[in-house]
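One letter stands for each residue in the lines below.
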Amino acid sequence: MNRLTLRGAGFVIAAVVCCSSSWSTILDTFDAIGGWKDPNYSGSTSADPACTFTIVSSPRREGTGAGDLYYVWGSGSFIREVNSTQPVIPADCVLSVWIYGDSSGNEVRLCVRDQEGELFTNDYTTIDFTGWHQLRWQLPYDAFSWYANSGDRLITGDPKWDSIMVRKVGAQSTGHLYFDEAEYAPILETPTPTPTGALNPNVQKGPFLQMQEETSAHVVWITDIACGNHQVEWGLTSSYGSVANDNVVRRRHEVTLTGLVPDTLYHYRIKSEGKTLSGDTTLRTAPPSATEKLTFTIQGDSRAMTTVCRQIFEAMLPESVNGFCLSNGDFVGRGEDCCTDWWQTQFFNPAGATLAHLFFYPTIGNHEAYNESAEIVYPSQYVEMFSLPTVSSATEVYYSFDKGNVHFVCLDTWYSNFSVGSAQYSWLQNDLASTDKRWKIVWAHNGPYISRDGILQGDAVFRSDVVPLLEGYEVNFFTQGHYHIYQRNEVKGIKYLVQGTSGDFLGAQDYSQSFVEFSTSDYYTYTKIEIDGPVMTGTTKTAAGEVIDVFQIHDYILVDDGDPGFSLNGSWTYQSSPTYTEAIRQDYYYVATATTETRSAIWRPSLDAGVYDVYVRYRMGSNRAPDAPYTVYYHGGSQTVLVNQTILGGQWVLLGRYPFISGDSGYVKLASGPAGTGKNAIADAVKWVHVQSLSTETPTPLPTWTPTATLTPTVVVTPSPTQTSLPSPTASVTPSNSGVNNWMLFR
């Protein structure tokens, strides 16, 4: 008999469990091969492909045969021998299989899969014996490990016997293990209650922080056994004073702290079964939604070198002023490995001390979705490990959230489809269209623009399908990992940062593509992002504090045809097609030019006072106006610039730098004339990029522009320092928005 424990509803029970002398149901006699295959065919082994599973007549315990597992350890460390028939067993039984050991010192355990598809195993048994030995797993009572697929980490319903797992621990690299008479039996004796607190849990992972909000926070930890009496003590000091509880029986525990104050440092510690499982720890709540300042950090690809990973996370903690960080993925070797706990060894061991203080927002890398055979599968362990925002997306594999005046969007570029028409694409389009935050930051593991090996690399579908959304919906900044380099790129006004240098083996820098601003692969780094109103500053550092790169991004306001702020005077023709990739959102208006102005288009933004670079964009063509007249109405005057629309299509063409006062009094007008006749002027989009603040006492005149063959200013205007309003345009403009589609609010 065995002494066991079980948690019941509201109490802990101890039990003396007796099993019947004859087992009631045989699952497999191993007299025939049945559903067993060689380990390499089952897709669940990292040992040598020479491993086989056959039926032999000796040694055997009962019947005519036994299963012979011939193992050969190569570079791998485990074999999961799967039976495709997977018979169902009762949830309250004792599962058993006989094994003939070889005293190798290796380990063996049993695996079941419940009705939700979760994979569970019991504890390993060391093969330190020769001859027959019975492996037993008392499912309701014995400690078990959770591994894969969605669910609640509790064995739900009657499970299926899934597999036998062998792990290399001893020095013996090859040999034979024999299996016979798999069976199960009922548990006979009824448990009796004993006092609460009989369980003695220990922390395996955590505590770590999730779901940072202004007035709430989630504290998560995982224990070595399932238990159901959990607490977080918290307060403004290490004396705490408040307690939050969770009484659900499970190994992964998540307690929500509520009633918190924004941008405030709190102390906390965790308990399970009355046992204190952490020291005093701190967290910071999210800043108020109206704040214009935000500081956080970014890391990526840290899985290979645990010492570097630890150093990077430790360096990030004091730099993450607002208490959170983004991860570009690949922080474990094989996230869906059912035999090796990469999450523990490569992530929580090196990064756990920091993650107890820092809210972690990850994206799925290819390694998070790798199973033990390095195949891409559903990232169930990732999904179950983390609690990520699902309000907008209804899934944790891609999501979005706001902090301060920033909208963050996390994409999944490995498991989920993101091409045009996919669920993720449609969600992204709606999500970006619905936010009015000043800043939009998107991150994923893979991305569109990489300069490597002398060629353009990155994901081609991302370039063709997702990038137009980033450009059309005013995304300021995109960051990714996957490539183990640090590279800062800019394409069509969007900064693309490759940050994959936080602990994996480094690649090679490359400047072959014109979009590269800076590239290096000589350092392990992280990036600190500081946002202050209309300016974002990025500083990339080593763990030792050496600054590798500094860059700035300035906020911009974009008004596209069809947006609020866009209006037409007179009759214009609308054009739209998915092939019009040069145009923002693949549409625009056009009008025939003439020697006199008869029609016009107006782009009128709502601006904060400041100095702005003003850009225009259009779809070029041979029948376009070589002298399309754009007039900028700014604080102090106006200036007309002629733009040659036969070239530079799909690019942001600079009209100059101008001061604007707060509000919507400043604007840009494109007129049908005076210009050369017989050509078309294209009205697509205008962008205002903030450069510096504006002194209301001395609004500096800024036309600092050099005429080129492409753009020729017709007049240079010096604004008057005393002027406080803008002149009216020479032609009256009556907004006429009939036929304009897809109205959206931008900031």
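Look up a bit, the structure's there.
This one's a predicted model, so the numbers in the text were calculated from it and none came from an experiment.

Enquirer: Would you mind showing me how to read the overall build of the chain here?
Expert: For the chain, the count of helices and strands is 6 helices and 51 strands. Out of the 747 residues in the chain, the part that is buried amounts to 59%. A sequence separation of at least 24 residues applies to 74% of the contacts in the chain between residues at least 6 apart. Per element, the accessible surface of the chain, about 27100 Å² overall, is 49% carbon and sulfur.

Enquirer: When you look at the sheet that holds strand S41 (residues 573-576) in this model, what are you seeing that I'm missing?
Expert: Pairing between the strands of a sheet is mediated by backbone hydrogen bonds and can be parallel or antiparallel. The 3 strands are arranged S41-S42-S49 in an open sheet whose pairing can be described as antiparallel. The open sheet has two edge strands, S41 and strand S49 (680-683), and neither has a second partner. Neighbouring strand axes in the sheet, compared pairwise and without regard to direction, differ in orientation by 35 degrees on average. Taken together, the 4 bridges between strand S42 (residues 587-592) and S49 define a ladder with antiparallel strand orientation. The residue bridging Tyr-589 from the neighbouring strand is Ala-683, located in S49.

Enquirer: Looking at this model, I keep getting lost on the packing of helix H2 (residues 306-319) against helix H3 (residues 342-355). Mind explaining?
Expert: Packed helices, taken two at a time, are described by the angle their axes make and the gap between the axes. In the contact formed by H2 and H3, the axes pass within 9 Å of each other and the chain directions differ by 20 degrees. Of the possible angle classes, the one that applies to H2 and H3 is roughly parallel. By crossing handedness, the relation of H2 to H3 is classed as right-handed. Of the residues in H3, those touching H2 at Thr-306, Cys-309, Arg-310, Phe-313, Glu-314 and Leu-317 are Thr-345, Gln-346, Phe-347, Pro-350, Ala-351, Thr-354 and Leu-355.

Enquirer: Can you walk me through helix H5 (residues 423-434) in this structure?
Expert: An α-helical turn contains 3.6 residues, so a residue and the one three or four places further along point in the same direction. For H5, with 12 residues, the first-to-last C-alpha span of 17 Å sits near the 16 Å given by 1.5 Å per residue. Of all the positions in H5, only Gln-424, Tyr-425, Trp-427, Leu-428, Asp-431, Leu-432 and Ala-433 are classed as buried. Those residues of H5 that are buried lie in contact with strand S27 (399-403), strand S28 (406-410), strand S29 (439-443) and helix H6 (460-472).

Enquirer: How should the side chain of Asn-489 be read in this particular structure?
Expert: Tracing the chain through its elements places Asn-489 in strand S33 (residues 486-491). Look at Asn-489 and you get buried, because its relative accessible area is 0%. From its side chain, Asn-489 meets the backbone oxygen of Tyr-449 in a polar contact 3.1 Å long. Of note is the side chain of Asn-489, whose polar atom sits 3.0 Å from the side chain of Gln-487. With residues near it in sequence (within four places) discarded, Asn-489 still touches Tyr-449, Ile-494, Lys-495, Tyr-496, Val-498, Phe-515, Val-516 and Glu-517.

Enquirer: Explain the pattern of salt bridges to me, please; I cannot follow it from the model alone.
Expert: Pairs may arise between side chains of opposite charge once their charged atoms sit close together. According to the stated counting rule, one finds 29 salt bridges in the structure shown. One salt bridge connects Arg-250 with Asp-246, and the closest N-O pair in it is separated by 2.9 Å. On the accessibility criterion, Arg-250 (22% relative accessible area) is partly exposed. Overall, Asp-246 belongs to the buried group, its relative accessible area being 8%. Here Glu-314 makes a salt bridge to Arg-310, at a shortest N to O gap of 3.3 Å. With Glu-314 and Arg-310 both in helix H2 and 4 residues apart, the pair spans about one turn of that helix. When its relative accessible area of 42% is taken as the criterion, Glu-314 is described as partly exposed. Judged by its relative accessible area of 31%, Arg-310 is partly exposed.

Enquirer: What am I meant to see in unusual backbone geometry here?
Expert: Glycine aside, residues mostly have negative phi, and peptide bonds are mostly found in the trans state. Cis geometry marks the peptide bond from Ser-58 to Pro-59, where omega comes out at -5 degrees. One can find Pro-59 in the loop between strand S4 (52-56) and strand S5 (66-72). Residue Pro-207 follows Gly-206 across a cis peptide bond; omega there is 5 degrees. When you line up the elements, Pro-207 lands in strand S16 (residues 203-210). The backbone phi angle of Asp-453 is positive, close to 55 degrees, even though this residue is not glycine. Examined against the element boundaries, Asp-453 turns out to sit in the loop between strand S30 (450-452) and strand S31 (455-457).

Enquirer: Any chance you could explain the sheet that holds strand S32 (residues 477-480) here in plain terms?
Expert: One open sheet accounts for 7 strands, arranged S27-S28-S29-S32-S34-S33-S35; its pairing is mixed. The open sheet has two edge strands with one neighbour each: S27 and strand S35 (516-520). The average angle at which neighbouring strand axes cross in this sheet is 15 degrees, direction not considered. Helix-sheet contacts for H5 involve S27, S28 and S29, and the interaxial angle to S28 is about 175 degrees. Packing of H6 onto the sheet brings it into contact with S29, S32 and strand S34 (494-499), and relative to S34 it is tilted by some 125 degrees.

Enquirer: In this structure, what is going on with the nonpolar core? I would like to understand it.
Expert: The nonpolar side chains of a soluble globular protein tend to be buried with one another. Membership of the largest hydrophobic core comes to 92 residues, with the highest contact counts inside it found for Phe-296, Phe-347, Phe-386 and Phe-408. In contact with Phe-347, other than residues within four places in its own chain, are Phe-313, Phe-331, Val-332, Trp-342, Gly-352, Leu-355, Phe-360 and Phe-386. Grouped together as the second largest cluster of nonpolar side chains are 35 residues, Tyr-634, Leu-670, Ala-683 and Val-686 included.

Enquirer: Explain the packing of aromatic side chains to me, please; I cannot follow it from the model alone.
Expert: Two aromatic rings, taken as a pair, are described by how far apart their centres are and by the angle between their planes. Going through the model one piece at a time under the given rule, you end up with 50 aromatic pairs. Aromatic side chains Phe-401 and Trp-443 sit 6.2 Å apart centroid to centroid with 75 degrees between the ring planes, which places their arrangement in the edge-to-face category. Of this pair, Phe-401 sits in strand S27 while Trp-443 is found in strand S29, placing the two residues 42 residues apart along the sequence. The same class applies to Phe-401 and to Trp-443, which are both buried. An aromatic cluster is defined as three or more aromatic residues linked by ring pairs; in this entry it consists of Phe-208, Phe-313, Phe-331, Trp-343, Phe-347, Phe-348, Phe-360, Tyr-382 and Phe-386.

Enquirer: Looking at this structure, how should I read H3?
Expert: In this model H3 runs just 17 Å from its N-terminal to its C-terminal C-alpha over 14 residues, more than 12% under the 20 Å that 1.5 Å per residue would give. If you look at H3, its biggest bend is around 55 degrees, right at Phe-348, and the proline Pro-350 turns up within four residues after that. The element H3 is largely enclosed, with a buried count of 11 among its 14 residues. Among the residues making up H3, those that are buried are Trp-342, Trp-343, Gln-344, Gln-346, Phe-347, Phe-348, Pro-350, Ala-351, Gly-352, Thr-354 and Leu-355. On its buried face, H3 is in contact with S16, H2, strand S26 (359-361) and helix H4 (380-385).

Enquirer: Help me out: how do you make sense of the pairing of S27 in this one?
Expert: As a general feature of sheets, a regular strand has side chains that alternate between the two faces. By the criterion of burial, S27 is predominantly enclosed, with 4 of the 5 residues buried. Examined bridge by bridge, S27 and S28 share 5 bridges and lie antiparallel to one another. Looking at the pairing, Tyr-399 lines up with Cys-410 of S28. The antiparallel pairing of S27 with S28 creates a hairpin that spans 2 residues between the two strands, and Gly-404 there sits at a positive phi of about 60 degrees.

What counts and how
- Residues numbered from 1 in each chain as written.
- Predicted model: local features only at pLDDT ≥ 70, side-chain atom pairs only at ≥ 80, totals over all residues.
- Heavy atoms only, no water.
- Helix = DSSP H or I, 4+ residues; strand = E, 2+ residues; numbered from the N terminus.
- Buried < 20%, exposed > 50% of the residue type's maximum accessible area, 1.4 Å probe, protein only.
- Contact = heavy atoms within 4.5 Å.
- Areas by Shrake-Rupley, 256 points an atom, 1.4 Å probe, with all protein chains shown as cover.
- Pairing = 2+ DSSP bridges.
- Axes fitted to C-alpha atoms, helices over the stretch in contact; angles between N-to-C directions.
- Parallel < 35°, antiparallel > 145°, perpendicular 65-115°, else oblique.
- Left-handed = near helix turned anticlockwise from the far one by under 90°.
- Expected span 1.5 Å × (residues − 1).
- Polar contact = N/O pair within 3.5 Å; in protein donor to acceptor, adjacent residues only side chain to side chain.
- Salt bridge = Lys/Arg side-chain N within 4 Å of Asp/Glu carboxyl O.
- Core = buried A, V, L, I, M, F, W, Y, C linked by side-chain atoms within 4.5 Å.
- Phe/Tyr/Trp six-rings, centres within 6.5 Å; stacked < 30°, edge-to-face > 60°.
- Bend = angle between axes of the 7 residues up to and from the residue.

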